[in-house]
Amino acid sequence: MSMNTLLEVSGVSVSFDGFKAINNLSFQIAPAELRAVIGPNGAGKTTFMDIVTGKTKPDEGRVLWGEKSISLLSMNEAAIARAGVGRKFQKPTVFEDQTVSENLMMALSADRGWWSVLWFRPKAENRDRVAELAEEVGLLDQLPRLAGELSHGQKQWLEIGMLLAQEPRLLLVDEPAAGMTPEEREHTTDLLVEVAKTRAVVVVEHDMEFVRRLNCKVTVLHEGSVLAEGGLDHVTADPQVIDVYLGR
Ligand code: ADP
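Scope of this entry: the structure provided in the associated data block. (Residues numbered from 1 in each chain as written. Predicted model: local features only at pLDDT ≥ 70, side-chain atom pairs only at ≥ 80, totals over all residues. Heavy atoms only, no water.)

**So, helix α6 (residues 182-195)**
With 14 residues, α6 extends 20 Å from end C-alpha to end C-alpha; this agrees with the ideal 20 Å at 1.5 Å per step. For α6, the complete set of buried residues consists of E184, R185, T188, T189, L191, L192 and V195. Looking at the buried positions of α6, the neighbouring elements they touch are β3 (34-38), α4 (127-137), α5 (152-165), β7 (170-174), β8 (200-204) and α7 (208-214). (Helix = DSSP H or I, 4+ residues; strand = E, 2+ residues; numbered from the N terminus. Expected span 1.5 Å × (residues − 1). Buried < 20%, exposed > 50% of the residue type's maximum accessible area, 1.4 Å probe, protein only. Contact = heavy atoms within 4.5 Å.)

So, in structure tokens, the structure goes:
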């Protein structure tokens with residue numbers, strides 16, 4: 001694996017009841033790279049994230065991580081999260097009856113992996129870090145508010161802040177702009193671009209306008225493998241991609 005690769009998926013396949021959801025998929029991402037993954041429904045985007053996070057184990061192939069090329073395949077979800085893979089699901093899962101500050105504090109005080117919130121202990125030295133994280137996601141002026149009172153967009157940013165608290169080296173983000181206002185989308189774009197300056201970020205997204213604004217390399221999945229890869233203009237001009245999106 002090259003020095004400049006953080007995650008290397010190679011020749012990965014997974015079947016559900018004989019149906020190949022992921023078919024000989026290869027995918028690489030560099031440290032601090034922003035990447036958009038697009039593809040029609042059923043292309044395998046969710047299954048891909050499930051494989052990287054250890055929720056689904058492939059039938060074939062390799063998933064290698066970090067400078068030492070350790071295999072993620074023998075690790076469970078919690079161990080993969082501790083190794084630095086964070087995942088943001090579509091729906092925000094913040095603690096609604098806690099403040100923004102408390103939510104961030106919990107995420108900081110917990111070990112990596114959500115299950116460890118059960119053993120949560122607040123630590124005084126985390127206060128400065130809470131403010132830094134809030135600033136990074138644009139919620140510095142919202143710290144005392146209850147998370148339940150935030151807008152949908154603000155909840156998503158809070159959850160991104162909570163994931164960043166766990167110091168991921170790779171963040172997988174599922175449709176971050178869904179249900180957002182145009183202003184919230186714009187802030188989300190800026191936030192993800194900023195986050196990806198120091199961590200790798202993979203954004204699974206349907207909204208092409210949003211992908212365009214991310215201005216990054218795009219991977220098009222189709223039938224469980226990579227159909228095209230490159231800039232958005234390049235991949236959307238690819239006749240195979242046009243076929244898949246517009247139907248034959
Ligand atoms: P996407 O996220 O791109 O819409 P998915 O990864 O969810 O695609 O699904 C890829 C294919 O695998 C789909 O045809 C889906 O029906 C199938 N699939 C996904 N998970 C399962 C499962 N647990 N059992 C059976 N089939 C599944």
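On we go from here.
**Here we look at the site of the ligand**
In the vicinity of the ligand, the residues found are F16, F19, A21, P40, N41, G42, A43, G44, K45, T46 and T47. Within the backbone of A43, an N or O atom sits 3.2 Å from an oxygen atom of the ligand. Between the ligand and K45, the relevant distance is 2.9 Å, taken from an oxygen atom to a side-chain nitrogen or oxygen of the residue. Contact with the protein chains hides 60% of the accessible area of the ligand, taken as 570 Å² for the molecule alone. Sorting the residues of the shell around the ligand by element identifies β2 (19-29) and α1 (45-52) as the ones contributing at least two each. Top element by residues in the shell around the ligand is α1. It accounts for three residues. Split by residue class, the shell around the ligand holds five nonpolar, five polar and one charged. (Near = heavy atom within 4 Å. Polar contact = N/O pair within 3.5 Å; in protein donor to acceptor, adjacent residues only side chain to side chain. Areas by Shrake-Rupley, 256 points an atom, 1.4 Å probe, with all protein chains shown as cover. Nonpolar A, V, L, I, M, F, W, Y, C, P; charged D, E, K, R; others polar.)

**Some thoughts on the sheet that holds strand β1 (residues 7-16)**
Within the open sheet, the four strands sit side by side as β2-β1-β4-β5. Their pairing is antiparallel. Each end of this open sheet is capped by a strand with a single partner; those strands are β2 and β5 (70-71). Where strand β4 (residues 60-65) lies against β5, two bridges are found, and the strand directions are antiparallel. Each bridged residue has a counterpart across the sheet, and for W65 the counterpart in β5 is I70. (Pairing = 2+ DSSP bridges.)

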